[in-house]
Amino acid sequence: MDQLQPRVHSNAVYEATKEALLRRGVTIQEIANIVFEMQIAYNIGLTIEHCIESVESVLKKREMQHAILVGVELDELAEKKMLSAPLQQIVEADEGLFGVDETIALGSVFTYGSIAVTTFGHLDKNKIGIIKKLDTKIGNGIHTFLDDLVASVAACASSRIAHRTRDLEEHNETFADITPDETAPETKVEGTTT
Ligand code: MG
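Residues numbered from 1 in each chain as written. Predicted model: local features only at pLDDT ≥ 70, side-chain atom pairs only at ≥ 80, totals over all residues.

### Topic: unusual backbone geometry
Following Ala 85, the chain continues to Pro 86 via a peptide bond in cis, the omega torsion being 5°. Along the chain, the position of Pro 86 falls in the loop between helix H4 (62-79) and helix H5 (87-93). With a phi close to 50°, Asp 94 is a non-glycine residue in the positive phi region. Locating Asp 94 in the fold gives a position in the loop between H5 and helix H6 (100-109). Given 17 C-beta atoms within a 10 Å radius, Asp 94 is considered partly exposed. (Helix = DSSP H or I, 4+ residues; strand = E, 2+ residues; numbered from the N terminus. Buried ≥ 20, exposed ≤ 12 C-beta atoms within 10 Å, placed from the backbone.)

Rendered as structure tokens:
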């Protein structure tokens with residue numbers, strides 16, 4: 001059955017994902033700012049450009065794209081009051097015990113290993129940068145899913161950088177020795193080429 005359905009091209013999904021974030025007021029730069037804050041203490045020579053490259057790379061992962069598209073869709077439907085009761089009220093109120101928003105975001109974090117998981121937990125708790133803005137509930141739209149998804153992207157991008165630093169150390173290099181373009185190809189995260 002699956003083979004008979006026309007498939008959406010990966011590039012179209014990637015573009016739709018970036019567009020969904022921008023539509024909801026989240027730029028790659030703002031996510032990169034969180035990554036920089038998380039990783040600057042541990043990575044010599046790290047620049048915001050390296051962090052932007054890492055965020056863009058994470059957004060190319062299908063796991064992440066699908067999570068973002070689902071979460072943003074639900075936030076937008078909730079804003080239009082198009083969810084059924086009682087889900088409409090639960091998402092609208094961003095109820096503390098709901099947890100499906102965290103679960104969807106956490107699902108895409110696992111791809112990037114334990115550093116991504118612990119960083120996600122930290123961001124979920126401490127709400128840094130744009131995450132804090134999204135979490136402010138009054139008069140700011142519904143971002144029940146988006147705050148967790150942004151934390152997920154930032155956590156994965158942070159983990160990529162941490163693993164890349166180790167690879168660089170083994171070649172007696174730091175981020176100061178490489179341009180952002182050079183960060184992508186060899187980075188390995190616990191068996192996953194990213
Ligand atoms: Mg949430």
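### Describing helix H2 (residues 28-39)
Between its first and last C-alpha, H2 extends 16 Å over twelve residues, near the 16 Å set by a 1.5 Å rise per residue. Residues of H2 that are buried: Ile 31, Ala 32, Ile 34, Val 35, Phe 36, Met 38 and Gln 39. Lining the buried residues of H2 we find helix H3 (48-58), helix H7 (113-126), helix H8 (130-135) and helix H9 (146-169). (Expected span 1.5 Å × (residues − 1). Contact = placed C-beta atoms within 7 Å.)

### Focus: H7
With 14 residues, H7 extends 20 Å between its outermost C-alpha atoms, agreeing within 8% with the 20 Å of an ideal straight helix rising 1.5 Å per residue. Considered for burial, the residues of H7 that qualify are Ile 115, Ala 116, Thr 119, Phe 120 and Leu 123. Projected down its long axis, H7 carries its buried residues within an arc of 135°, all on one side. Exposed positions of H7 whose direction lies more than 90 degrees from the buried face are Ser 114 and Lys 125. Those residues of H7 that are buried are in contact with H2, H6, H8 and H9. Just beyond H7, the residue with positive phi is Lys 127, at close to 45°. (Arc of directions from axis to C-beta.)

### Quick notes on the environment of Lys 18
Along the polypeptide, Lys 18 turns up in helix H1 (residues 10-23). By the C-beta count within 10 Å, which is 17 here, Lys 18 ends up partly exposed. Sequence separation of Lys 18 and Leu 59 is 41 residues, and the distance between their C-alpha atoms is 7.6 Å.

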